[in-house]
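Structure at a glance
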Amino acid sequence: MASAKSSRSRPAGHSGVFPVGSAAAVGSGGGGGDGGVQLADKLKIFKTDNFDPDAYVQSKCQTMNEKEIRHLCSYLQDLKKASAEEMRRSVYANYAAFIRTSKEISDLEGELLSIRNLLNTQAALIHGLSEGVQIDSLTSGPEGSAEDDISKVEDQEPSEIQKWSADFPDMLDVLLAERRVDEALDALDEAERVAVDAKRKQTLTAAEVSALKRSISDNRQRLADQLAEAACQSSTRGIELRAAASALKRLGDGPRAHSLLLSAHNQRLQCNMQTIHPSSTSYGGAYTAALAQQVMSFALLVKRHVLSSCAAAGGLRAAAECVQISLGHCFLLEARGLSVSSVLLKQFKPSLVQALDANLRRIEESTAALAAADNWILTYPLTGIRPLTRSSAANLALQPKLSSSAHRFNSMVQDFFEDIAPLLSLQLGGSSMDGITQIFNSYVNLLISALPGSMDDEANLDGLGNKIVRMAETEEQQLALLANASLLAEELLPRAAMKLSSINQSMDDLHKRGTDKQNRVPEQREWKRKLQRMVDRLRDNFCRQHALELIFTDEGDTHLSAEMYISMDNTVEEPEWVPSPIFQELYVKLNRMASIAAEMFVGRERFATLLMMRLTETVILWLSEDQAFWEEIEQGAKPLGPLGLQQFYLDMQFVIIFGQGRFLSRHVHQVILDVIDRAMAAFSATGMNPDSVLPGDDWFMDVSQEVVSMISGRGRVANGDREVNSPTASVSAHSISSFKSHGSS
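Residues numbered from 1 in each chain as written. Predicted model: local features only at pLDDT ≥ 70, side-chain atom pairs only at ≥ 80, totals over all residues. Heavy atoms only, no water.

Named according to an unreviewed UniProt entry, the chain is Exocyst complex component EXO84B originating from Zea mays. Looking at the chain in UniProt, the text filed under Sequence similarities (unreviewed entry) is "Belongs to the EXO84 family." (UniProt positions renumbered as here; feature names shortened; annotations may be inferred.)

Broken down by element type, the chain carries 30 helices and 0 strands. For the chain, with 745 residues in total, the buried portion stands at 40%. Surface summary for the chain: the accessible area is close to 41300 Å², and the carbon and sulfur share equals 53%. (Helix = DSSP H or I, 4+ residues; strand = E, 2+ residues; numbered from the N terminus. Buried < 20%, exposed > 50% of the residue type's maximum accessible area, 1.4 Å probe, protein only. Areas by Shrake-Rupley, 256 points an atom, 1.4 Å probe, with all protein chains shown as cover.)

With that settled, consider the packing of helix α23 (residues 581–600) against helix α29 (residues 697–712). Angle between the axes and distance between the axes: these two values describe a pair of packed helices. Put simply, α23 and α29 touch, their axes get as near as 10 Å, and they point 40 degrees apart. Our classification of the angle between α23 and α29 gives oblique. The chirality of how α23 crosses α29 is right-handed. Taking contact as the criterion, the partners of Gln584, Tyr587, Val588 and Asn591 in α23 are, on α29, Val707, Val708, Ile711 and Ser712. Residues that form the contact of α23 with α29 fall into these classes: 5 nonpolar, 3 polar and no charged. (Axes fitted to C-alpha atoms, helices over the stretch in contact; angles between N-to-C directions. Parallel < 35°, antiparallel > 145°, perpendicular 65-115°, else oblique. Left-handed = near helix turned anticlockwise from the far one by under 90°. Contact = heavy atoms within 4.5 Å. Nonpolar A, V, L, I, M, F, W, Y, C, P; charged D, E, K, R; others polar.)

It is worth spelling out the packing of α23 against helix α26 (residues 642–659) at this point. In contact at an axis separation of 10 Å, α23 and α26 are set at 15 degrees when each is read in the N-to-C sense. Here α26 runs roughly parallel to α23, going by the angle between their axes. The crossing of α23 and α26 is right-handed. Residues Phe583, Gln584, Leu586, Tyr587 and Leu590 of α23 form the contact with α26, whose own contacting residues are Asp651, Met652, Phe654, Val655 and Phe658.

Turning our eyes to something else, we now look at the confidence of the model for the chain. Scored by pLDDT, the chain has a mean of 75; 71% of the residues are at 70 or more. Predicted confidence for residues 1–36 stays below pLDDT 50, and this span has 46 contacts to residues more than four positions away or in other chains. Segment residues 716–745 is flagged for pLDDT under 50; beyond a separation of four residues in sequence, or across chains, it makes 43 contacts in the model. (pLDDT = per-residue confidence, 0-100.)

Locating Val668 in the fold gives a position in helix α27 (residues 666–684). Distance from Val668 to Ile656, taken between C-alpha atoms, is 9.2 Å for residues 12 residues apart in sequence. For Val668, the contacting residues outside a window of four places in its chain are Glu617 and Ile620.

Structurally, Leu204 can be placed in the loop between α10 (181–201) and α11 (206–231). Setting aside residues up to four positions removed in sequence, Leu204 forms contacts with Ile161, Gln162, Ser165, Ala198, Val209 and Leu212.

On to the side chain of Ser215. Its place among the elements puts Ser215 in helix α11. Discounting chain neighbours no more than four positions away, the residues touching Ser215 are Phe168 and Pro169.

Time to look at a nonpolar patch on the surface. Nonpolar side chains collect at one region of the surface, where Met87, Val91, Tyr92, Tyr95, Phe98 and Ile99 lie side by side and expose about 680 Å² of accessible area between them. Only α5 (66–93) and α6 (95–130) provide two or more residues apiece to the nonpolar patch. As for its placement among the helices and strands, Phe98 is situated in helix α6. Given a relative accessible area of 54%, Phe98 falls into the exposed group. (Patch = residues over 30% accessible without salt bridge, like charges linked within 9 Å, V, L, I, M, F, W, Y side chains within 5 Å. Salt bridge = Lys/Arg side-chain N within 4 Å of Asp/Glu carboxyl O.)

Listed below in structure tokens is the structure:
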């Protein structure tokens, strides 16, 4: 059917060979008929000694298109089948004559064998006489017995070993002609064994042994030449090539087999590589896999056609896949004692480092672009941003609440750690962790620059350049900046790094189990401390900004000065005793921020508490370290009077009372006690006793507790004796309401 299709699909004679009408037509002629004559004529060109298949194919296919070449291939297959069928029919048609001729040839071979044995015996006798060798058969008997022995040899039937030795050359000719290589090799090995055994047992004469060895040597060389010629053919397949090389090695010609294998692989490589066309749009992994299947020394090609473009574009995942495929082939060779992975990694590492840097740079630039439009409102992950766990009503609370830029930053970092995991064998883990540290530092700088009044801060000089960031105007937005940084530094980034560390640890255990385990945990802790220090820098900027808002007015004047205490003794009437407005406003701000932080920092209340403590500490430390304040208190023209000391003592006690357990650390508590002692010492320097002018501690606690209750909305305190509508309470309420409106603005 294929032959008929070939004949119908193209004109006869176009390819230079007469087409076959059909397979049935060829087979029906048996050995005669027109069909048989045509087939014989067609096969003549293939029977010549100088037939060159490559030249033949070139001559036929040079002007053909793809369709005509396919037809020619189909036609040649039909011709091959028809030839095999014709040969089979010819053998069957002449089978009886073949059997009869074979029997006559066998009888003739027996007669020839007898003649050959006789001639060999005579030749051995002549050879022995010519070399003066004592022949046992001529000296073993009395005189005249030599003639009897010769006559006995002539009349004696040849032994089995002699028959085998005589048949060996013809048998080997048949095996070589039929290309039965394995059987020919077995026959040569058997002949070697027979020759050694015959020489030892003297079952063959010296001439017969010599002739057998000469035949073995000649046929070995003949078989080797035949195998080498077959291996050099372009049509020889891989399995046939390996079989020929193995046979040559068995013949004792290993170097020749090695050279043939290399030559054949080189030709096949050059041919196959021409079919692989790398391009900028092609998939790097597919090109690497195809190339790796062809040749081991492909590092430069992969680097040139895949890794270079991946590194320039920041395609870390594509680069990692190429390296994985390449190393996979190298690991297969290591089982056979060939280790080339170290050489490969040396070639690939610069490109991978470039891809890693480009990927980190892309994360930094993408995050900066999103920060310019971030509204600094915390939300759950949006569609398109990879969540930490599968979304459902049950685990929605486990999802992180971040602003849009932080969500994107976290998603890109998670992908980065997944991409870098296969490359840990290149020892890129340290540089990748340093890279994440740098881009997180850049993101924290963006958050700092989003704080109002921080554009002149040193953060603007730390690589921020001309990047535009949307300002966080409200306290909610400013606390969202801290929520972004703290959640990334404390949970999300360390969690991703721990996955990377576990993969790295499992790989290290394959080589040195447990060796680095003791050192790895401190490394992770140090890396986490670096991230936390960056968050602390953002927190300090936040607290410094709000402390300055409390201490200074919009015009640059201060709410907290020595004059406000010294001038109190110039009044005639005793003032209403309430904490100074700045400390009431501090408590209002702390309460308001604590309420907002309680919703933002769910599960991380400690961070919110430390933030409030840091804000209180910033204000108190400013008071403690303000040299102008204390110079005027201690050395000013007007000394600190009793009323000023009482007001200062009340302010400090108020901070202690509202801050205990929530907003006050032990360190700040001690600082407050120190500044109280310093103020009392300044008052004592005037010659007066502070204890004689200050009320008892219960009085300070009552006033402070009542103001705390008013600000917090609890009304009258449990142990106080003043009502909500008392003069002190009304003044406190007036101060509180004014500062609340000031804080909200």
